[in-house]
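Each chain is listed here by its residues.
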Amino acid sequence: MNRTERLRTILEEPLLVSDGVNVRYLTGFDSSNAALLVETDRVRLFSDFRYAEAARGVEGVEFVETKRSLFVSLAELLEGRVGFEADDVTYSSWETLSAGGLELVPRRGIVEALRAVKDQGELDAIRRAGAITSEAYARFADEPFIGRTERKLAWRLEELFHELGADAPAFETIVASGENSARPHARPTDREVGAGETVVIDAGVIVDGYCSDCTRTFATGPLPDELTAAYEACLEGQLAGLEAVRSGTTGVEADAAAREKIEAAGLGEKFGHGLGHGVGLMVHEAPRLSRESTDTLAAGNVVTVEPGVYLEGVGGIRIEDLVIVGEGGPEVLTSFTKDFVTVS
């Protein structure tokens, strides 16, 4: 059963798929202006002239060429009761469809739930992405850090990714040093890395459309005791989180397993984000591992396990692995050591 057939079995009415990533997942068609209508007896792919030649080559769909204004065409072409992706369709586009007389039914997370459980081909691509990321970290750790700017270090890591065969970085590489490393989503700056501080590196690659995501924290010499203690607590929490990640565990339970260890070290308030997230065609997707999660893990999910401890004005720690969820535990895809590596 292919992906659109799997989708069809759970629909209550035809579903208009407008999220570009979901269209790509279901058909392999990559476009900035496309939609897919999945019905009981057919699948129609809509896009404009710019993508027509590629769209005609997509197997298992009927291609319909539209105006550049995609939703204007959809309002003219569709009729009856239609589900739509409520987290993707803008209010303006909803108004356009409604004006065409459609009975619109908001649906959320349907295709995303299918995407969350990866097939073997997807898992193999993510394994390759994880292997490239791990090897890049190993080579990167042998290079000098002190005296180089965060921007130059980020550029060098991305060079390594390309040298090792990645298609592209999965997201903007994070290199955060010193007090900048206490910001969970810092961006590389022209700050030069100094001695005796932490450097948080958060990066990943794309291989055959699928992402990896890995974070390691390095030391550039002896650190203040509070940062060393923070690393130990973060690593203990990360290992507990890994142990909890298995089929049947809820996102809340996995998060709690890691959080309890960090709280026991008196650093709970310094771990302010969730434990992890799903990874696939996007670097952030379902399922979520957090205190607010409503997800339950299933075999074939790919998730991150990434607690952090952030000491404002001092420095930060984050340790992140990418794992495949299994019945008996996780398959860890990011193999670079989690020992507290000191770089020069």
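Residues numbered from 1 in each chain as written. Predicted model: local features only at pLDDT ≥ 70, side-chain atom pairs only at ≥ 80, totals over all residues. Heavy atoms only, no water.

**Student:** How would you summarise the sheet that holds strand S7 (residues 168-169) if you had to cite specific residues and measurements?
**Tutor:** Strand order in the open sheet made by the three strands is S7-S10-S11, with antiparallel pairing throughout. Of all strands in the sheet, those with a lone pairing partner are S7 and strand S11 (210-211), marking the two edges. Bridge count between S7 and strand S10 (residues 205-207): two bridges; the pairing is antiparallel. In the strand pairing of S10, Pro-169 is matched with Val-205. Strands in contact with helix H7 (residues 120-140) are S10 and S11; relative to S10, the strand with the most contacts, it is inclined by about 140 degrees. (Pairing = 2+ DSSP bridges. Helix = DSSP H or I, 4+ residues; strand = E, 2+ residues; numbered from the N terminus. Contact = heavy atoms within 4.5 Å. Axes fitted to C-alpha atoms, helices over the stretch in contact; angles between N-to-C directions.)

**Student:** Hey, could you go over the packing of helix H4 (residues 70-77) against helix H5 (residues 91-99) for me, with residue numbers and the actual values?
**Tutor:** The geometry of H4 relative to H5 is characterised by a closest axis approach of 8 Å and an angle of 25 degrees between their N-to-C directions. Between H4 and H5, the interaxial angle falls into the category roughly parallel. Between H4 and H5 lies a crossing of right-handed hand. Facing H4, whose interface residues are Phe-71, Val-72, Leu-74 and Ala-75, H5 presents Ser-93, Thr-96 and Leu-97. Looking at the contact of H4 with H5 residue by residue, the classes come out as five nonpolar, two polar and no charged. (Parallel < 35°, antiparallel > 145°, perpendicular 65-115°, else oblique. Left-handed = near helix turned anticlockwise from the far one by under 90°. Nonpolar A, V, L, I, M, F, W, Y, C, P; charged D, E, K, R; others polar.)

**Student:** Tell me about the sheet that holds strand S12 (residues 214-219), residues and numbers included.
**Tutor:** Two strands in a sheet stick together by hydrogen bonds in their backbones, pointing the same way (parallel) or opposite ways (antiparallel). Across the sheet, three strands lie side by side as S8-S9-S12; this open sheet has antiparallel pairing. Looking at the sheet topology across the chains shown, the edges are occupied by strand S8 (174-177) and S12. In this sheet, neighbouring strand axes are inclined to one another by 15 degrees on average, regardless of whether the strands run parallel or antiparallel. In this structure, strand S9 (residues 198-203) lies alongside S12, joined through six bridges in antiparallel fashion. Its bridge partner being in S12, Val-199 is matched across the sheet by Phe-218.

**Student:** Please set out the nonpolar core residue by residue, giving values where relevant.
**Tutor:** One finds Leu-7, Val-17, Phe-29, Leu-36 and Leu-45 to be the most contacted residues of the largest nonpolar core, which totals 36 residues. Ranked by residue count, the leading element in this core is helix H2 (residues 20-27), at four residues. The contact partners of Val-17, leaving out residues within four places of it in the chain, are Asn-22, Val-23, Leu-26, Ala-35, Leu-36, Val-38, Glu-85 and Val-111. Ranked by size, the runner-up nonpolar core spans 25 residues in total, among them Phe-140, Val-175, Cys-214 and Phe-218. (Core = buried A, V, L, I, M, F, W, Y, C linked by side-chain atoms within 4.5 Å. Buried < 20%, exposed > 50% of the residue type's maximum accessible area, 1.4 Å probe, protein only.)

**Student:** So what's going on with unusual backbone geometry? Which residues, and what values?
**Tutor:** In this model, Ala-286 is joined to Pro-287 through a cis peptide bond whose omega is 0 degrees. Backbone geometry at Asp-208 places phi at a positive 50 degrees, although glycine is not the residue there.

**Student:** I'd like a rundown of the packing of aromatic side chains, residues and numbers included.
**Tutor:** Following the criterion strictly, the structure yields seven aromatic pairs and no others. Pairing Tyr-91 with Trp-94 gives two aromatic rings, centres 5.7 Å apart and planes at 20 degrees, and the pair type is stacked. Of this pair, Tyr-91 and Trp-94 both sit in helix H5, three residues apart, roughly one helical turn. Judged by its relative accessible area of 59%, Tyr-91 is exposed. When the centroid spacing of 3.8 Å and the interplanar angle of 10 degrees are considered together, the rings of Tyr-231 and Phe-340 count as stacked. (Phe/Tyr/Trp six-rings, centres within 6.5 Å; stacked < 30°, edge-to-face > 60°.)

Coordinates in, geometry out; function isn't part of it.
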